[in-house]
Amino acid sequence: MSVYKFERAARFNQAKAVFFTLAFHVFLIGGIFYAGEGKLKEYMPEKVKTFLGMQDEKQVEDAQVAVEKP
């Protein structure tokens, strides 16, 4: 038997572990917020809301007005 076979199996197991960990956390966090009346936006930081495009229209307009034009 070669060492390559074991290294390949280890890489596959590591990738599988990362996938299941991410999937578990996505479902866990989604389930908590879904069961808690879906108030995800209250707990999310502003930077994340901006990145995901989840800001309210009024907040976007206020941010555009606050920017000084040269």
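Help me out: how do you make sense of the overall build of the protein chain in this one?
If you tally the helices and strands in the protein chain, you get four helices and zero strands. Secondary structure elements in the protein chain, listed N-terminal to C-terminal, are α-α-α-α. Within the protein chain, the fraction of its 70 residues that count as buried is 3%. For the protein chain, the accessible surface area stands at approximately 6800 Å², while carbon and sulfur atoms represent 66% of it.

Teacher, can you tell me more about the pattern of salt bridges here?
A side chain with one charge can pair with a side chain of the opposite charge if their charged atoms come near. Counted according to the given criterion, the structure contains one salt bridge. Put simply, Lys 49 and Glu 46 hold a salt bridge, and the shortest N to O gap is 3.6 Å. With Lys 49 and Glu 46 both in helix 3 (residues 46-52) and three residues apart, the pair spans about one turn of that helix. Residue classification places Glu 46 among the partly exposed positions, given a relative accessible area of 40%.

Sorry if this is basic, but what is going on with the packing of aromatic side chains here?
Think of a pair of aromatic rings as described by two things: how far the centres are apart, and how the planes are tilted against each other in angle. Taken as a whole and judged by the stated rule, the model has one aromatic pair. Aromatic pair Phe 19 and Phe 20: ring centres 5.4 Å apart, planes at 65°, arrangement edge-to-face. Judged by relative accessible area, Phe 19 falls into the exposed class, the value being 52%. With relative accessibility at 51%, the residue Phe 20 sits in the exposed group.

Can you walk me through the confidence of the model for the protein chain in this structure?
Predicted coordinates in areas of low pLDDT are best not read in detail. Of the residues in the protein chain, 73% reach a pLDDT of 70 or more, and the chain-wide mean stands at 80. When pLDDT is averaged over each element of the protein chain, helix 1 (residues 3-35) comes out on top at 92 and helix 4 (residues 57-66) at the bottom at 59.

Honestly, a nonpolar patch on the surface in this entry has me stumped. Any pointers?
A cluster of nonpolar side chains, namely Phe 24, Leu 28, Ile 29 and Ile 32, defines an oily patch on the protein surface of about 390 Å² accessible area. For Ile 32, the location among the structural elements is in helix 1. We classify Ile 32 as exposed; its relative accessible area is 52%.

What counts as what
Residues numbered from 1 in each chain as written. Predicted model: local features only at pLDDT ≥ 70, side-chain atom pairs only at ≥ 80, totals over all residues. Heavy atoms only, no water. Helix = DSSP H or I, 4+ residues; strand = E, 2+ residues; numbered from the N terminus. Buried < 20%, exposed > 50% of the residue type's maximum accessible area, 1.4 Å probe, protein only. Areas by Shrake-Rupley, 256 points an atom, 1.4 Å probe, with all protein chains shown as cover. Salt bridge = Lys/Arg side-chain N within 4 Å of Asp/Glu carboxyl O. Phe/Tyr/Trp six-rings, centres within 6.5 Å; stacked < 30°, edge-to-face > 60°. pLDDT = per-residue confidence, 0-100. Patch = residues over 30% accessible without salt bridge, like charges linked within 9 Å, V, L, I, M, F, W, Y side chains within 5 Å.

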